[in-house]
Amino acid sequence: MERVVRRSRLFRKTLVFMILAFGVIATVMSLAFGQIIRRHLTEEYRSKATALARSVAESDLLSILRGDASAVQSRIDQYLGIEGVAYVVVARENGEVLAHTFVPEIPPEVLKQVRAAAATPHGPQHPAVIDVRTADGREYMHVMTHLLEGLGGSVHIGMDNGAIRGFIRQAVLQQQIITLGLFLVCTLVAFLFVRNISRPLTRLTEYAGRVAAHDFSTEMDISSKDEVGDLARAMGSMARDVSGLISGLEAAVANATADLQEALSSLQAVLHNMAGGLLVLDARGRVVRHNPALARLFRLEGEEIDGRAVDELLGRETTALILPQGSAPLHSGSGVLETVIQRPDGTSVPVEISVAPVALKGQWGTVSIVRDITERRRSAEALHQAHDELEQMVEERTRELSRANIQLKIEVAERKVVAEALRKAESKYRSIFENALEGIYQISPDGHYISANPALARILGYSNVEDLLTELKDGAGTRYVEPGRWAEFLALALEHGEITDFESRIRRRSGRVVWISENARLVPDSRGKPLYIEGTVEDITLRKEYESQLLHQAFHDPLTALPNRALFLDHLKMAMERRRRHEKYLFALLYLDLDRFKVINDSLGHDAGDELLRAVARTLTGCARGMDTVARFGGDEFAILLEELAAPRDAIRIARRILEEMARPFVLHGHEAFSSASIGIVLHTESYDRPETLLRDADTAMYRAKEQGKSRFKVFNRKMHEQALRVMELETDLRRAVESHDLRLVYQPIVRLEDRKVVAFEALLRWTHALHGPVNPSEFIPLAEDAGLIYPIDYGVLHKVCRTIRAWMNGDGTSPGGQPLHVHLNVSGKHFRNPLLVGEVEAALLDSGLPPSCLTLEITENAFVDNAATATDILSKLKMLGVNLCIDDFGTGYSSLGYLQRYPIDVIKVDRSFVAAVGSDADTQAIAGSIISLGNSLGLKVVAEGVETPSQLEFLTRIGCRYAQGFLFHRPMEEEDARLMLLGGACRTKSN
Amino acid sequence: MGSGKRQPAAGLFRVAASVRLAAALCLCLLTLLPNALAAAGEPQAPLVFGMSAPFTGPNRGLGIEYYRGITAYLSHVNEQGGVNGRRIEILPLDDGYNPEPAVRNTIRLVREDKVFALFSYVGTPTVSRVLPLLERFQDEHVTLLFPLTGARLHREPPYGRYVYNLRASYFEETRALVEHFVAAGRTRLAVLFQEDAYGRSGWDGVRRALTTYNLELAGEAAYARSAGFDADFGPQVRVLAASKPEAIITIGTYAACAAFIRDARDAGLTAPIACVSFSDADNMVKLLLQARRPGGQDYTVRLVCSQVVPSYQDVALPAVALYRRLMDRYAQMPPEGLAEPYAPNRYSSVSLEGFLNAVVLAEVVRRMPAANPRRQDIPAAVESLKDFDLGIGVPLNFSSGQHQALNSIYFTTVRGGVLVPLTDWTEWSGS
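Side note on the overall build of chain B
Within chain B one finds 13 helices and 14 strands. Buried positions account for 54% of the 431 residues belonging to chain B. Long-range pairs, those at least 24 residues apart, make up 77% of the contacts in chain B between residues at least 6 apart in sequence.

Looking at the interface of chain B and chain A
Listed by partner, the interface residues are 20 residues for chain B and 13 residues for chain A. Considering each element in turn, the side of chain B that touches chain A owes the most residues, 5 residues, to helix α7 (residues 197-211) of chain B. Looking at the side of chain B that touches chain A residue by residue, the class counts come to 11 nonpolar, 3 polar and 6 charged.

Description of the packing of helix α5 (residues 124-136) of chain B against α7 of chain B
Residues and elements named next belong to chain B. Interaxial distance between α5 and α7 falls to 7 Å at its minimum, and their mutual angle equals 105°. Looking at the two axes, α5 sits roughly perpendicular to α7. Residue-level contacts link Thr124, Pro125 and Ser128 of α5 to Ala197, Tyr198 and Ser201 of α7. For the contact of α5 with α7, a count of residues per class yields 3 nonpolar, 3 polar and no charged.

What to know about the pairing of strand β1 (residues 85-91) of chain A
Residue and element names in this part refer to chain A. In terms of burial, β1 is largely enclosed, as 7 of its 7 residues are buried. Sheet topology places β1 next to strand β5 (residues 153-160); 6 bridges connect them, and they run antiparallel. Bridge pairing links Val90 to Val155 in β5. Where β1 lies against strand β2 (residues 97-100), 3 bridges are found, and the strand directions are antiparallel. Among the inter-strand pairings, Ala91 is bridged to a residue of β2, identified as Val97. Connecting the antiparallel pair β1 and β2 is a turn made up of 5 residues, with Gly95 showing a positive phi of about 90°.

Concerning the sheet that holds strand β6 (residues 189-194) of chain B
All names here are of chain B. Spatial strand order, β7-β6-β8-β9-β10-β13-β14: 7 strands in an open sheet with mixed pairing. Since the sheet does not close on itself, it has two edges, and those belong to β7 (219-223) and β14 (418-421), each with one partner. Sheet twist, expressed as the mean angle between neighbouring strand axes with direction ignored, is 25°. As paired elements, β6 and strand β8 (residues 247-251) share 5 bridges and run parallel to each other. When the bridges of β8 are listed, Phe193 appears paired with Ile251.

Quick notes on the rules
- Residues numbered from 1 in each chain as written.
- Chains lettered and ligands numbered in written order.
- Predicted model: local features only at pLDDT ≥ 70, side-chain atom pairs only at ≥ 80, totals over all residues.
- Helix = DSSP H or I, 4+ residues; strand = E, 2+ residues; numbered from the N terminus.
- Buried ≥ 20, exposed ≤ 12 C-beta atoms within 10 Å, placed from the backbone.
- Contact = placed C-beta atoms within 7 Å.
- Nonpolar A, V, L, I, M, F, W, Y, C, P; charged D, E, K, R; others polar.
- Axes fitted to C-alpha atoms, helices over the stretch in contact; angles between N-to-C directions.
- Parallel < 35°, antiparallel > 145°, perpendicular 65-115°, else oblique.
- Pairing = 2+ DSSP bridges.

Here you go:
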């Protein structure tokens, strides 16, 4: 390391010098070169540009003067190919640019020069050189030449200074590479030179260093004839002389030292190996010397003892004994004394100290030998202690023996008592075992009875336990009805160690099958190996029977014993599941409703109704196949699930058969009753996800069948679904309309034909749907009836109409025209099943103050038919209130002239269908004629509806009809219009 | 490219040329020999005309369309037995629209192939560099017939006497454009020009035309000749937009003009843009239609293209009718290996111009001595065309002082992607 550093230091200096020198050379030369090249190139470019400018001036002067821009452009384009030429601009005398080579336009800096040239028209003929720097950072040598002293314009040639700089850069780079090469060569030469000089010098330096360190072992091998060589040789002889002197001195010193060393080491050995501690004190009581044994005694090994005061070690008392007194020795001879000394760590040790005076540096000191006598004292004490312990042990042994004797006697007595208790418990548990109601048993893990109680024998049908054990010695499992049940029981018991409520059927000895419930547990021995199984058996046959009965009741209709809706849905769900698994699996759903059940129920009584339902159930079950499910959904609704159909037509065939069977008369309590059914069918069941949807669609189809005339079936299709949706939507909207009072009333005048005066109005309900526009009452009224909305609607209408008409009236109950004013109001047949109607009518009359005789309630014929039982009652109550009753649409339904007699009717309305047909159909004319004359002869008011043509009017007048309404007279009008009409006395009809 | 491969026609011509030279000698010595040859009924050697035009590079559409128009008529004539019993053939060479190859091609055509005349050269920078050669070859009576350029150089002394032009000059085209724009109230006119003799010629034309109205150019921008359709014209658009022009006249090639129009429209410059006949409106519109992105703006709106031939849609003109018929039947692509791939237009103004060139050429040949036509007979034959009906509605006139036959300028614009004649300038009137 040393050598390397020294050598490189020398070389580094040289290197630094060279870098500086070469750096200066390179910089100076670069600058000089650059300057020379720049001057040269600039000159060259200038002359090139000048030559080009002259060329333009001379050869193209004519084109320029003539302003032939194209020719000039053609020429200057070629100049761009010349090295260094960046642009050419030719301008005319006035500075106007004739041609240039810039893309896309002349930079403003260049343009400035062109303009400047034009501004000094009589400039020098020789070219002017200006440096131009454009905005985008390019630098040009702009050479401008005037043509014809400026009269011919000017030529501007731009030389690319960037190119000049490029050349300079290149040249400087080359020059610097050469300099760098030279530098490297010089560095190498310098390195070799420096190494040649410095190596012997370094070696000489190293040698001098070794001699200084008294190392004369090596010689120098420098043999060069130069100054360095002479120096080396002189140094060599000098080193040899010094070497001889030093070795003589060293030998004499070594001899004397060896003698001393010998004496000292023998004394040292004695001191070290003495067993007693040696303590030499001076006159002041300080420790002068000691040996290791003393340090061990005081546990001060490794610590400095010499020089310490002795009373620190031995305590003041002992010190007094051994310390030299004054200048004379303490005792004339040596003395021995025993004492206990305190160690610095606090423990004490008995010692024997022998003291002898000694002369020490002119004073009297003492030499003491200190011996540890602890061991000697301890052995005497141990002997004494051992004797005492032996005596004590003999005494304790004697006491223990007498205690054990008493314990034994007590245990013998206790055992006698326990044995007695055990005997009593055993007999108690045996009694429980023998008399328990539950069967109790123990069986071996391989299934053989070990023991059993009488109850078990009873349950299994044996008279006593012995028979049971004898007959079932082959194993308890033979009694189980299900073959694998017993094995399962054993496996469970062995696996879990316990079984609870294990229910199985077993065969009694007599062969009867009963249900038992078993609880058992495995009893293992102390090593955990199964020892036996003990268990109880309970006869649960009764409970099982109850359970199955309850189950049946939960899923069956009590009346017909058919599955109920819940079970049916379950089966339907399973059928849908199967359909999902098997592509080919076909099933269909039939939904059935009796057409005339209500009539029969009402007329023949509920018993007969129930009988009919049972009979229908039998019929349906008969028509269905074994795998089908026939269910009653309550009321007169049935559903049939047809499974495993080969083709959809099978379902149709079954439906047809049901209809045929249903058409036969049923005998109920001696009466022959006819019924029929309407059936809705869903055939394409594969598209359904939920059973409820499927049922809903079947229901929809069934209703469609009913609408189309009963006793028929209808297969559900997509259109029905959409219709159902629309109805549902409409119902929602209707509900909203009722709540927000969107339903409004219009009034159609009823005209007395003899004087054409308006004598009454029929109040009509209108509904304009926000989306679908006006909705026909024939559409939304049934909807309201189905949804139960008809009640609030009709009650509202009732009150409103009563109030309105009352408001129109004069005080005497006549119209503003002096006529008595009547109002007709349509009442749904549904009210005949609701007892509230009469009360509401009464309330409306009272609230409004309308005279009852002014109100006529219109009821359709079908309302009477459907509610024959209650109609009489309600109608007579209404009559008693004083209101008039009218049969609407007379002649369209089950018209029975009997109604006219049976019910207190005041008005009949001839249906518009008759009126419409009187012009064309002779039969209709006859019917209409007879209705009107019948009404007249019964003293009823007869109103013709829907009169639209004069010819109809003429016919009606001719056959004696007195009242009419229709478009021929008035269309239904808004409340305000009707009132104004009354007020204006415009009670005349608008036409004749 | 053409110089590397020897054309079959050239080889044939060398044989034919030696025969023809021998015939010329004979004419000098034995004046009866031509008649004897004709009487002998031997097939006459074809007349070969040399053509240097761009068949490669971004402007190859010009050369190829020009060539197609020429061959459409000449094939027709040759099929009918030629003129005076001689076939008229074209030897095309490619110069890529660069002056140096054009000069080399001309020397080769005159010295090696010894063509009868130079015919239908394309481009101002190329032709203007070829002109001195004509001076050099004056002893060999070399004439340049009907080049596709409207520059001044070859219409004026000193070189004008070696060149016969069929088409109107750029001065006339630009003057007509300026007149119409000024009449329409657009006085701030800017020029985009190709930075060479062609562009400068158009620039000069616009400038001079404006001077007559005491107007100056609102703005100008140059672009490099090598620019194709993929070039960026952003700097030019910025320079021109800064001058707020009411109309822009472009003097350039079709690819460059199309690129400029695209960039100008993209930058929101809505002023009408006009171009001259050399900008090959058909190919320019084709490029603009291709460049249109779905939902992007229509680059072909507000364009005016001046033309030196009538619209090829105007079938009422007999020449146009003939052109359309012969184009479909005879138009040829340049010989294999000469041109770069190119999808030709069925009809175009450039090919119509080439076609008309060929019609006039055939007429010139017809007016030369049937038996022994010589190069020096060409000027007399051309200058004999007086009130000649070319079938385009205007008569054609040459004379010794008038080396340009037609002066009419036509305008077209684009409607629904199709070039249609423009006669009503009201929609171009400035606001």
